[in-house]
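Inside the fold
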Amino acid sequence: MARAAGEIEALIALMARLPGLGPRSARRAVLHMLKKRGMVMEPLSQALARVAQTARDCRVCGNISDEEICPICADEKRATGTLCVVEDVSDLWALERAGGFKGRYHVLGGTLSALESIGPENLRIPQLVERIKAENLREVILALNATVEGQTTAHYIAETLAPTGVSVSALARGLPMGGELDYLDDGTIAAAMAARRAL
Amino acid sequence: MSLRLHRLTLSRFRSHPRVEAVFDGRPVVLHGANGAGKTNLLEAISLLSPGRGLRRAASEELGAQPADLGWKIEGEIARNGTLHELETGAAPGQSRVVRIDGKTSPQSGLGRLMPMLWLTPAMDRLWIEAAEGRRRFLDRLVLGFEPDHAEAAVGYEKAMRQRNKLLRDNVTDPRWYTALEARMAETGGVMTLNRQATLARLATAQSADSPFPQPELILADDTPADLAEALAESRGRDRQAGRTLVGPHRADLSALWAARGRPAAQCSTGEQKALLISTVLAHARALQAMVGHAPILLLDEVAAHLDDARRAALYDALCDLGAQAFLTGTGPELFTPLGNRAQTFRVSETAGDSQVTEEDLP
Ligand SMILES: Nc1ncnc2c1ncn2[C@@H]1O[C@H](COP(=O)(O)OP(=O)(O)O)[C@@H](O)[C@H]1O
Ligand SMILES: [Mg+2]
Ligand SMILES: [Zn+2]
């Protein structure tokens, strides 16, 4: 009995570490599942186990999906010659949700940070340079956050890509300072995308 | 046009378990014995502006000790007829959050709604101590006029810290430096312009017939016009030093007692204080002219060090400006010349708990 309670507590502690959940909401979620073990908990645990096995980082763009090559990179219609560079998978998903962008993506996986020892080689920037030639890209849109870190990274990439001759643009200002793409509403994202400016 | 803190509620903030005070817009007098909790109250108000408040304390120090149950400061302000609710606080072990009208906001939003300026006894040596304190005072003067100044200063600081780390790690990738230096040049340029514009505004707002000595304020800043280029050239030197040697983070504010041509650092302690007071009054006049209201002023123990004539002149100036000033002192007699022009509260302490009580003047 004491052992079972310990396992449940451990589950709550694991849940509480998820973004958007705290100790209280984690407890509520676990209790809900415990009451509906057959209807909710079983299917959820099977889905978690399955996805943990199948989920992959896309070899090309860094998106997360079930395949080695994500559906966006696999879709020939998305080979428009335009590539959108984002900091995180969450930004890619936010842009997809907003719709409107027809090309492919490149996920950096963060921003340059000397303080956190994150350099260009940790950000899939070399892979980006290779994709320019390999995929015959004409335009790169830097959809990075309007933070100091995001803008520094954008500047760095723009300079790194300069010798390739690809045209580089950035999302229009108007994204709030320190605002993260993921939290913006879809209309704002689409407007910023439409009003991008050359770097 | 006016700005006033209308209502202040403190919960478990330092020595104040609970305060609910309503202010009617007149200057506010807070008197009480040493240790009663007067400065704590001013500090609470100062936390309704961007930054770490007038003691620059860490959030963990602010909750009532010994129990760590979190703390909260709520202020209702009326600005040019519109009400806003400002709130800041921290749950136990959590970082500080700011809410404006119920929505989580960056701290810079506070500065936009409620410009504020303070003088504390710790600033008595401002003119003779390290430049850092003067820079901070200058930037707070700027913030009243240019609410975007906080964002520029924070952005500059962030980029510089990254650059300093590159210098210390001996990273040589020039593009990384260029990217950070571009951010520093952009934000640093805004900082310098804001500071210059502020000193120009203050110069025009000096009052010749004031009994306070008028300061001539000078921005000592050798930041080159093309900061990006200067930073690029300075990389070698900066690497030796392990930090950035050019830029607005090295600027200084100096003051002359204009009538005597004497640097503030060479004036008497009382004269130095008087120069600070007249700078604050010039700021209030300039802001009044610009946006129609003076800032909120927190004047901690300012009255005690003035002679009768200057004390009366300060009170008259505050009343003329319609500024909501919060003045502290150990006894009510310091504030006699204000009479009914001020609202008076007594601050007292029993067993470590402060209490704030409004007093009716006869
Ligand atoms: N976090 C805290 N919790 C409880 N009491 C505090 C805290 N920080 C400071 N104090 C107490 O507040 C009192 C000082 O209040 P202060 O406002 O500086 O006094 P004064 O009226 O002289 O300005 C001191 O007795 C100090 O110990
Ligand atoms: Mg005090
Ligand atoms: Zn992909």
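Residues numbered from 1 in each chain as written. Chains lettered and ligands numbered in written order. Predicted model: local features only at pLDDT ≥ 70, side-chain atom pairs only at ≥ 80, totals over all residues.

**A few points about unusual backbone geometry**
- Across the junction of glutamine 65 of chain B and proline 66 of chain B, the peptide omega takes the value 10°, indicating a cis bond.
- One non-glycine residue, arginine 124 of chain A, lies in the positive phi region at around 55°.
- One can find arginine 124 of chain A in the loop between strand E4 (104-107) and helix H6 (125-134).
- One non-glycine residue, asparagine 136 of chain A, adopts positive backbone phi at about 55°.
- Tracing the backbone through its elements, the reader meets asparagine 136 of chain A in the loop between H6 and strand E5 (139-142).
- Given 10 C-beta atoms within 10 Å, asparagine 136 of chain A falls into the exposed group. (Helix = DSSP H or I, 4+ residues; strand = E, 2+ residues; numbered from the N terminus. Buried ≥ 20, exposed ≤ 12 C-beta atoms within 10 Å, placed from the backbone.)

**Here we look at the site of ligand 1**
Residue and element names in this part refer to chain B.
- In the neighbourhood of ligand 1, 15 residues make up the surrounding shell, with Arg14, Ser15, Lys38, Thr39 and Asn40 lying closest.
- Element by element, the count of residues in the shell around ligand 1 is highest for helix H1 (residues 38-46), at 3 residues.
- In terms of residue class, the shell around ligand 1 is built from 3 nonpolar, 9 polar and 3 charged. (Near = placed C-beta within 6 Å. Nonpolar A, V, L, I, M, F, W, Y, C, P; charged D, E, K, R; others polar.)

**Points about the domain arrangement of chain B**
All names here are of chain B.
- Examined at the domain level, chain B breaks down into domain 1 (1-115 + 296-362) and domain 2 (123-294).
- Between the C-alpha centres of domain 1 and domain 2 there is a distance of 27 Å.
- On the side of domain 2, 21 residues touch domain 1, which itself brings 20 residues to the contact.
- Secondary structure elements with two or more residues in the side of domain 1 that touches domain 2: helix H2 (108-113) and helix H9 (308-321).
- With 6 residues, H9 is the largest single contributor of residues to the side of domain 1 that touches domain 2. (Domains from an automatic or database assignment. Contact = placed C-beta atoms within 7 Å.)

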